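# Examining the three-dimensional arrangement
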Amino acid sequence: MKAYVFPGQGAQFTGMGKDLYDSFDWARSLFQEADSILGFGLTDIMFNGSDDDLRRTDITQPAIFLHSVAVARSLGDDFKPDMVAGHSLGEFSALVACGAISFESGLKLVAQRARAMQKACELVPGTMAAIIGLEDSMIEQICADLGAKGMVVVPANYNSPGQVVISGSKEAIAAACPLMQEAGARRALPLTVGGAFHSPLMTPAKDELAQAISGTQFSTPVCPIYQNVDALPHTNPDEIRENLVTQLNSPVRWTQSVRNMMADGAQEFIECGPGTVLTGLIRRIQK
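Here the residue index of a chain counts from 1 through its sequence in written order. Where local features are concerned, this predicted model is filtered to residues with pLDDT of at least 70; where side-chain atom pairs are given and counted, the filter is 80 or more; whole-chain, interface and lining totals use all residues. Here the side-chain values reflect all heavy atoms present in the structure, with hydrogen atoms and water set aside.

### Description of the packing of aromatic side chains
Aromatic rings from Phe, Tyr and Trp, with only the six-membered ring used for Trp, were paired whenever their centres fell within 6.5 Å, and each pair was classed as stacked if the ring planes differed by under 30 degrees, edge-to-face if by over 60, and tilted otherwise. Going through the model one piece at a time under the given rule, you end up with six aromatic pairs. An angle of 70° between the planes, with centres 5.2 Å apart, marks the rings of Y21 and F47 as edge-to-face. Note that Y21 is positioned in helix α1 (residues 18-23) and F47 in helix α3 (residues 42-48), a separation of 26 residues in sequence. Each residue gets one of three labels from its accessible area relative to the maximum for its type: buried under 20%, exposed over 50%, partly exposed in between, using a 1.4 Å probe on protein chains only. Owing to a relative accessible area of 11%, F47 belongs among the buried residues under this scheme. On the numbers, 5.7 Å between centres and 20° between planes, the contact of F65 with F103 is stacked. Taken together, the residues F65 in helix α5 (residues 57-74) and F103 in helix α7 (residues 103-123) connect sequence positions 38 residues apart. Runs of E in the DSSP output that reach at least two residues are strands. Runs of H or I that reach at least four are helices, and both are numbered from the N terminus.

Structure (C-alpha cells):
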C-alpha cells in the first residue's frame, strides 16, 4: 500500500517549484491561480526571494502548500493514495491531494492560518527547540514540571524516536534546554522559528482559524488521512474539520502517525513537496 506524505514549515528553499513551473503549462496556471487568490506575487518570492523572505510564516506556509500540491499533481494518474498524512501545515496539502477540500479553499485556509499564527506570535513572543536523544516520557515530565511553575512549554512535534521539538515562551525554552541535557539529551537545540507553534501560545489564532474552517466545504476524501492530533485515520468531513482546528495548539504526532500507517499496511511512503525531511524521519521511525 502507498502512503503519500506532505511536509510542513522548514522545508522551503529559494527556487522551490520552478522546475515544475518551467516544464508544465498546468503548473504555470496553478502558480498564477495562487498569486491571484492571494493577491500578491507568491510565485516570484518562491523563485527569487531571500531566505529571510521565505522564513516569514505568511510566505512560508502558502509556498510549501503550493509546491506540495503541484508535486502531487505532477504524478498524474500515478497518484493513487491508499492513505495520506501531512506534518502540521502539510495536513492542508494532504487534504487537497486526497480530495477533501479544493485547491482554492486549501490555499485560503493556509493563508488565514499563517496570518492568525503570525498575530499570535506577536502577542506573546515564543520559540521552539529540538531535543535529541531523550525519551519522550522524560521530555514530557520536564515540560510538565516547568508548567507547574507557571511556564508555558510543551512537546510540539514528535518527529521520530529520539527527536522531539518543544515549544513555548522564550523564558520557558531557555529554562528547559539545560534541564533536558542534564536528563541525558544529546542535544537541546534552539530553532530559528517565528513563534511557539503547536503550543498554548497559539490559542489566540484558534478562533480565527475555526471560523475560516467552518465556512469551508469539506468532502469525503478518496482515502483516509492520518491526522496530527490523534495519529488516527479519518474520512468523516466533520471529524477532519474539528481536528484541523485542534491541531493549531496541539502536538504533531508524526512518529505515531507513521507507525499507525505501517500497522495498517503502508509499504511505500512518497513525499510530495520541497525537500526530503519527512523521508528521513520515516526511515528513523521504520528502524
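### As for the pattern of salt bridges
Salt bridges, as used here, are contacts in which a Lys or Arg side-chain nitrogen is within 4 Å of a carboxyl oxygen on Asp or Glu. Summed over the entire model, instances satisfying the criterion amount to seven salt bridges. A salt bridge links E104 to K108, with the nearest nitrogen and oxygen atoms 2.9 Å apart. Residue E104 and its partner K108 are both found in helix α7; the two are separated by four residues, about one turn of the helix. Residue class for E104 comes out partly exposed when judged on its relative accessible area of 35%. Two residues, E208 and K119, come together in a salt bridge whose shortest N-O distance is 3.1 Å. Remark: K119 occurs in helix α7 and E208 occurs in helix α10 (residues 203-214); sequence separation between them is 89 residues.

### Quick notes on the packing of helix α2 (residues 25-38) against α5
Axis definition: a line fit to C-alpha positions, over the contact stretch in the case of helices; interaxial angles, taken between N-to-C directions, run 0 to 180 degrees. Put simply, α2 and α5 touch, their axes get as near as 11 Å, and they point 155° apart. When the axis of α2 is compared with that of α5, the two are roughly antiparallel. Note on packing geometry: the crossing formed by α2 with α5 is right-handed. Packed against α2, whose contacting residues are W26, L30, F31, A34 and L38, the element α5 presents P62, L66, V69, A70, R73 and S74 at the interface. The classification used treats Ala, Val, Leu, Ile, Met, Phe, Trp, Tyr, Cys and Pro as nonpolar, Asp, Glu, Lys and Arg as charged, and all other residues, Gly among them, as polar. For the contact of α2 with α5, the residue count by class is nine nonpolar, one polar and one charged. In this scheme, roughly parallel covers angles under 35 degrees and roughly antiparallel covers those over 145, while 65 to 115 is roughly perpendicular and the rest are oblique. Left-handed describes a crossing whose near helix is turned anticlockwise from the far helix through less than a right angle; right-handed describes the clockwise counterpart. In what follows, a contact means two residues having at least one pair of non-hydrogen atoms within 4.5 Å.

### Focus on the packing of α7 against α10
Closest axis-to-axis distance for the α7/α10 pair is 8 Å, and the angle between their directions is 165°. The orientation of α7 with respect to α10, classified from their angle, is roughly antiparallel. Taken as a pair, α7 and α10 cross one another with a handedness that is right-handed. Residues L109, Q112, R113, A116, M117, K119, A120 and L123 of α7 pack against P204, A205, E208, L209, A212 and I213 of α10. Partitioned by chemical class, the residues of the contact of α7 with α10 number ten nonpolar, one polar and three charged.

### Section: unusual backbone geometry
In the Ramachandran plot, S88 falls in the positive-phi region, its phi being about 60° despite a non-glycine side chain. Inspection of the secondary structure assignment puts S88 in the loop between β2 (83-86) and α6 (90-97). Backbone geometry places H198, a non-glycine residue, at a positive phi of 60°. Looking at the secondary structure, you find H198 in the loop between β6 (187-190) and α10.

### Observations concerning the sheet that holds strand β7 (residues 225-226)
Here, a strand pair is defined by DSSP locating no fewer than two bridges between the strands. Strand order in the open sheet formed by five strands is β8-β7-β2-β1-β9, with mixed pairing between adjacent strands. Lying at the two open borders of the sheet, with one neighbouring strand each, are β8 (233-234) and β9 (268-271). Where β2 lies against β7, two bridges are found, and the strand directions are parallel. Directly across from V84, in β7, lies its bridge partner I225. Its contacts with the sheet place α6 against β1 (2-6), β2 and β7, and it is angled at close to 150° to β2. Packing of helix α12 (residues 254-263) onto the sheet brings it into contact with β1, β2, β7 and β9, and relative to β2 it is tilted by some 175°.

Geometry only, nothing functional implied.
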